Amino acid sequence: MNEVIKNILTRRSCRNFSDKQIDRKELEQILKAAVYAPTGRGSQDWTFTATADKVKILDLADAVKKALNMPRDAVYNFYNATAIVIIANDRNYKYAKQDCGAAMENIMLAAHSLGIASCWINQLCDTYDDPGVRSLLESFGIGKDKIVSAVAALGYAASPVGEPAPRKAEAINFID
C-alpha cells in the first residue's frame, strides 16, 4: 500500500499521552509540515505557537476549564500532552477554519509518520476571548487581534490507540 495512504488510514486520535517528551527536531518537522498546508488564496494567514512546557500547557488547560465552568474536580489537561500547537488567525480572515483544518491534518499526519500521537482540541476555539485564557494567550505572543482556530495535542501514546470506528459505506457516492 502507498505509504501516504497507509499513514492516513492508520492515524488515530490519542486521549492518553505518556510523559515521554517529543524531541525538538521532530516538533520542528511537524511544524514545517503545517506551514506547507494549502491556504485560501495562498494567504498563509496563520501563526503556529508551540510549547512543550508542561506548566504552560497545564495553566492553559486550567484556564480553559474555568472558562467552560467545568467542576473544580474535573480533570482537564489536554490528555496529558507533552506538547501543544496553537493555530491562530486574524479575526477577520474569511478562511480561518478551512486553512486551519488543512494545517491540522498535516500536523497530525506528520506526527503519526514520526511515531508521535495527536489529538485535535476544540475547546480553546470557544474560550480564547475569556479574560483568563486571553491573558495566557497574550503571554504566548498571541495578540487580541487573533482568534484560535485549533490546538493540536501531541505526545507519545500511553497505551495503544486502538482500531478505527467502522466507516459509513453510504458516505461515498459515485455518479456515472
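This write-up is about the structure you can find in this document.

Thresholds applied
- Counting restarts for each chain: residues are numbered from 1 in the order of the written sequence.
- Given that this is a predicted model, residues contribute local features only at a pLDDT of at least 70 and side-chain atom pairs are listed and counted only at 80 or more, while totals for whole chains, interfaces and linings are drawn from all residues.
- Heavy atoms from the whole structure form the basis of all side-chain values; hydrogens and water molecules are not counted.
- Throughout this description, the term salt bridge denotes a Lys or Arg side-chain nitrogen within 4 Å of a carboxyl oxygen of Asp or Glu.
- Secondary structure follows DSSP: runs of H or I at least 4 residues long count as helices, runs of E at least 2 residues long count as strands, and numbering of each begins at the N terminus.
- We define the nonpolar core as a collection of buried residues of types Ala, Val, Leu, Ile, Met, Phe, Trp, Tyr and Cys that are connected through side-chain atoms lying within 4.5 Å of one another.
- For each residue, the accessible area found with a 1.4 Å probe, counting protein chains only, is set against the maximum for its type, and the residue is called buried under 20%, exposed over 50%, and partly exposed in between.
- The contact definition used throughout considers only heavy atoms, calling two residues in contact when any of these lie within 4.5 Å.
- Polar contact criterion, stated in full: a pair of N or O atoms within 3.5 Å, where within protein one must be able to donate a hydrogen and the other to accept it, and residues adjacent in sequence count only if both atoms are side-chain atoms.
- In short, DSSP must find at least two bridges between two strands for them to pair.
- Angles shown run from 0 to 180 degrees and are taken between the N-to-C directions of axes, each axis being a line fitted to C-alpha atoms and, for helices, limited to the stretch in contact.
- As used here, the arc belongs to the directions running from the helix axis to the C-beta atoms.

**Remarks on the pattern of salt bridges**
- Tallying each qualifying case throughout the model produces 4 salt bridges.
- Here R91 ties to D129 by a salt bridge, and the two come within 2.5 Å at their closest N and O atoms. Highlighted residues: R91 in the loop between β2 (83-90) and α4 (96-113) and D129 in the loop between α5 (123-127) and α6 (131-139), separated in sequence by 38 residues.
- Connected through salt bridges with shared partners, the residues R91, D129 and R134 form a single ionic network.

**Here's the deal with the nonpolar core**
- Among the nonpolar cores identified, the biggest contains 29 residues, and L60, F78, I84, I86, L124 and L137 are the most heavily contacted of them.
- Where this core is concerned, the elements lending two or more residues are α3 (54-67), β2, β3 (117-121), α6 and β4 (146-155).
- Broken down by element, the residue count for this core peaks at 5 residues, all from α3.
- In contact with F78, other than residues within four places in its own chain, are F17, I57, L60, A61, V64, I84, I121 and A153.
- Counting 22 residues, the second largest nonpolar core, distinct from the first, contains I22, I30, A83 and I87.

**Observations concerning the environment of D99**
- Structurally, the position occupied by D99 is in helix α4.
- According to the relative accessible area criterion, D99 is buried, its value standing at 3%.
- D99 sits 12 residues away from I87 along the chain, and the two C-alpha atoms are 9.8 Å apart.
- Filtering out sequence-adjacent residues up to four positions away, D99 remains in contact with P38, T39, G40, S43, W46 and Y93.
- Looking at D99, its side chain comes within polar contact range of the main-chain nitrogen of G40, at 2.9 Å.

**Considering the sheet that holds β3**
- On the basis of which strands lie adjacent, the open sheet formed by 4 strands has the order β1-β2-β4-β3 and antiparallel pairing. The open sheet has two edge strands with one neighbour each: β1 (47-51) and β3. The mean angle between the axes of side-by-side strands here comes to 20°, regardless of whether they run parallel or antiparallel.
- Strand direction decides the pairing type here: β3 and β4, joined by 5 bridges, are antiparallel. Bridge pairing in β4 links W120 to A152.
- Lying over the sheet, α3 contacts β1 and β2, oriented at roughly 60° with respect to β2.

**A word on the pairing of β4**
- For β4, a buried count of 10 out of 10 residues is recorded, marking the element as mostly surrounded by other parts of the structure.
- One ladder, built from 8 bridges, connects β2 with β4; its direction is antiparallel. Bridge assignment links A83 to a residue of β4, and that residue is L154.

**What about α6?**
- Along α6, the residues classified as buried are V133, R134, L136 and L137. Down the axis of α6, the buried side of the element spans an arc of 160°, and every buried residue falls inside it. Exposed and facing more than 90 degrees away from the buried side of α6 are P131 and S139.
- In this structure, the buried residues of α6 make contact with α3, β2, α5 and β4.
- One side-chain oxygen of the residue at the start of α6 lies 3.0 Å from the amide nitrogen of G132, identifying that residue as D130.
- Following α6 by one or two positions, G141 has its phi on the positive side, about 90°.

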